[in-house]
Amino acid sequence: MSRGQGIEALTPVAMTSIVTTDLIGVTRGRSFPSDELERYKVGGCGWVPANSALTPQDLIAEDNPWGAYGDLRLIPDLDSRVSVGAGPDASAAPLDFIHADICETDGTPWVACPRTLLRKEIERYRELGIQITAAFEHEFNLDTGTGQREHLAFSLEAQRQGAAFGGWLLAALRAAGAEPEMFLPEYGKQQYEITCRPTQGLAAADRAVNVREITREIARQLGHRVSFAPKTADDAVCNGVHLHLSLQNLDGEPLLYDPHAVSGDDLSSLGQHWAAGVLRHLPALCAFTAPTPISYQRLQPHHWSASYACLGLRNREASLRICPTLSLGGKPVAPQYNLEFRALDATASPHLAMAVILMAGRLGLEQQRVLNAVTDKAPSDLSAEQRLASGIVPLPGSLPQALECLRGNTELLQFLPQDLLATYFAVKQKEVSLTEHLTAAQLCEHYGHLY
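- An unreviewed UniProt entry lists the chain under the name Glutamate--ammonia ligase, from Pseudomonas fluorescens.
- Per UniProt, the chain carries the Sequence similarities (unreviewed entry) text "Belongs to the glutamine synthetase family."

What follows is the structure, encoded as structure tokens:
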């Protein structure tokens, strides 16, 4: 270019990211120029096996199966693409990402991919003539940094304090196809909840990731901070994730509701077998659904979460709950009928957590397990004798206890790839060693920043 000739101003290149949400629920990936999508549709982008061994503290657990060896590919699932344009910060780059499956370099599925694990489990259900509909509800803390006074629980004032954020969030979730339902203030200080409509199978876990990442994006653009951590301060109300699940046959007819059920709560015999499977394996499931040391400050009696493995009707102290249905306006009950898994938080991988819950339920179906452990009272208010007679067992009190429950559960372990398990145990053991010196208050602060 000759001296004095004008130089054209640069404009930012639009980027699209190919992402995977890993074993600890963190979404990671790589970005490329959006106009070069054709180059990445089939072969995706490179990835490294040891990335799966990252702890929440961003350290690779040394005792993992991969070391410095191996190469993988993130293969984009184009049907899962999320594109959200300009938000509250008009100068911010659009949010554009595609969920990927982790594959070997020849395209075969990688054994430790949580998204692939969930897909395979959903296929097992289809072989039984069953399809899955699900929705994840998320609670989080919103810090606007403006010094607003602490709001009253569920109040209109609280709703108005978060209205600008909530309006942008709903708009972004709509743009992403996440079908948001409600944005509401919760019981805790600066605590909110976002709910979205249920969707089929794998897309439900993808949608859970989308909700988390879009919520963080809107907060970032507004200069706010959000945390999905189970507990952000020693005296704070806990944040949970509630997974709603329903089963249908392949024609879409609901399978959980039976108005003539012997149980008296309209749960079909199929639903009872499924729930019995989940409850039987719930102490081991906690290793995946309540997977961090801070999770166990939430799984306490009288925290409206879960501390025992039991089924309850409209009982928010039950780990598995039969949700209320509406007859207003002549709505049919069967399509509304669902079970809510409550021993879950946002430090978990949505794909991995949903996969193992479905595994446990499927074992209940296949073994025709009899449903016990049902109560309409808070299980902690029952005597030890009453709990024993009903088959209600306590959930683990710590992450190490949950990991031991998982190690001893041979029924569940047979459906989990050995390399995935080895990686997961290495990550969680490293995480425990990194945090075991922290006080309860320090744990809250630590995970409040991480998640």
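After presenting the structure, the write-up continues.
1. Points about the overall build of the chain
Working step 1: In terms of regular secondary structure, the chain is built from 12 helices and 17 strands.
Working step 2: The C-alpha atoms of the chain give a radius of gyration of 22 Å, which matches the 22 Å a tight globule of 451 residues would have.
Working step 3: Here the C-alpha coordinates of the chain stretch approximately 90 × 55 × 50 Å along the principal axes.
Working step 4: Evaluated residue by residue, the chain yields a buried proportion of 55% over its 451 residues.
Working step 5: The long-range share in the chain, meaning contacts at least 24 apart out of those at least 6 apart in sequence, stands at 71%.
Working step 6: Counting every atom, the chain has about 19,800 Å² of accessible surface; 52% of that belongs to carbon and sulfur.
Working step 7: If the 37 positive side-chain charges of the chain are averaged to one point and the 51 negative ones to another, these points end up 2 Å apart.

2. A look at the nonpolar core
Working step 1: Formed by 117 residues in total, the largest nonpolar core has its most connected members in Ile214, Trp274, Phe341 and Met354.
Working step 2: Ile24, Ala426, Cys444 and Tyr447 belong to the second largest nonpolar core, which has 11 residues in total.

3. A few points about unusual backbone geometry
Working step 1: One non-glycine residue with positive phi stands out, namely Asp58, at about 65°.
Working step 2: Looking at the secondary structure, you find Asp58 in the loop between β3 (45–47) and β4 (72–76).
Working step 3: Among the residues examined, Asp58 registers a relative accessible area of 52% and is labelled exposed.
Working step 4: Residues other than glycine seldom take positive phi values, yet Glu179 does so here, at roughly 50°.
Working step 5: Since its relative accessible area comes to 35%, Glu179 is described here as partly exposed.

4. What to know about helix α7 (residues 350–367)
Working step 1: With 18 residues, α7 extends 26 Å from end C-alpha to end C-alpha; this agrees with the ideal 26 Å at 1.5 Å per step.
Working step 2: With respect to burial, α7 is a largely interior element, 16 of its 18 residues being buried.
Working step 3: Directly beyond the C-terminal end of α7, a positive phi value near 50° is found at Gln368.

5. Some details on the side chain of Asn210
Working step 1: Within the secondary structure, Asn210 is located in helix α5 (residues 202–222).
Working step 2: The contact partners of Asn210, leaving out residues within four places of it in the chain, are Val82, Phe97 and His99.

6. What to know about the pairing of strand β8 (residues 180–185)
Working step 1: Note: β8 against strand β9 (residues 191–196), five bridges, orientation antiparallel. Of the residues in β9, the one forming a bridge with Pro185 is Tyr192.

7. Quick notes on the packing of helix α4 (residues 163–175) against α5
Working step 1: At a closest axis distance of 10 Å, the pairing of α4 and α5 adopts a crossing angle of 135°. By the angle between their axes, α4 is oblique relative to α5. When you trace α4 past α5, the crossing you get is right-handed. Residue-level contacts link Phe165, Trp168, Leu169, Ala172 and Leu173 of α4 to Val211, Ile214, Thr215, Ile218, Ala219 and Leu222 of α5.
Working step 2: Here the contact of α4 with α5 is composed, by residue class, of 10 nonpolar, one polar and no charged.

8. Section: the packing of aromatic side chains
Each aromatic ring pair is described using two quantities: the centre-to-centre distance and the angle formed by the ring planes.
Working step 1: The full count for this structure, using the stated rule, is 10 aromatic pairs.
Working step 2: For the ring pair Phe32 and Tyr40, a centre distance of 4.3 Å and an interplane angle of 20° mean the geometry is stacked. Each member of the pair Phe32 and Tyr40 is classed as buried.
Working step 3: The interplanar angle of 50° and the centroid separation of 5.4 Å between the aromatic rings of Tyr257 and Tyr337 together place this pair among those described as tilted.

Basis of the calculations
Residues numbered from 1 in each chain as written. Predicted model: local features only at pLDDT ≥ 70, side-chain atom pairs only at ≥ 80, totals over all residues. Heavy atoms only, no water. UniProt positions renumbered as here; feature names shortened; annotations may be inferred. Helix = DSSP H or I, 4+ residues; strand = E, 2+ residues; numbered from the N terminus. Rg over C-alpha atoms; globule rule 2.2 N^0.38 Å. Buried < 20%, exposed > 50% of the residue type's maximum accessible area, 1.4 Å probe, protein only. Contact = heavy atoms within 4.5 Å. Areas by Shrake-Rupley, 256 points an atom, 1.4 Å probe, with all protein chains shown as cover. Lys, Arg positive; Asp, Glu negative; His and termini not counted. Charge placed at Lys NZ, Arg CZ, Asp CG, Glu CD. Core = buried A, V, L, I, M, F, W, Y, C linked by side-chain atoms within 4.5 Å. Expected span 1.5 Å × (residues − 1). Pairing = 2+ DSSP bridges. Axes fitted to C-alpha atoms, helices over the stretch in contact; angles between N-to-C directions. Parallel < 35°, antiparallel > 145°, perpendicular 65-115°, else oblique. Left-handed = near helix turned anticlockwise from the far one by under 90°. Nonpolar A, V, L, I, M, F, W, Y, C, P; charged D, E, K, R; others polar. Phe/Tyr/Trp six-rings, centres within 6.5 Å; stacked < 30°, edge-to-face > 60°.

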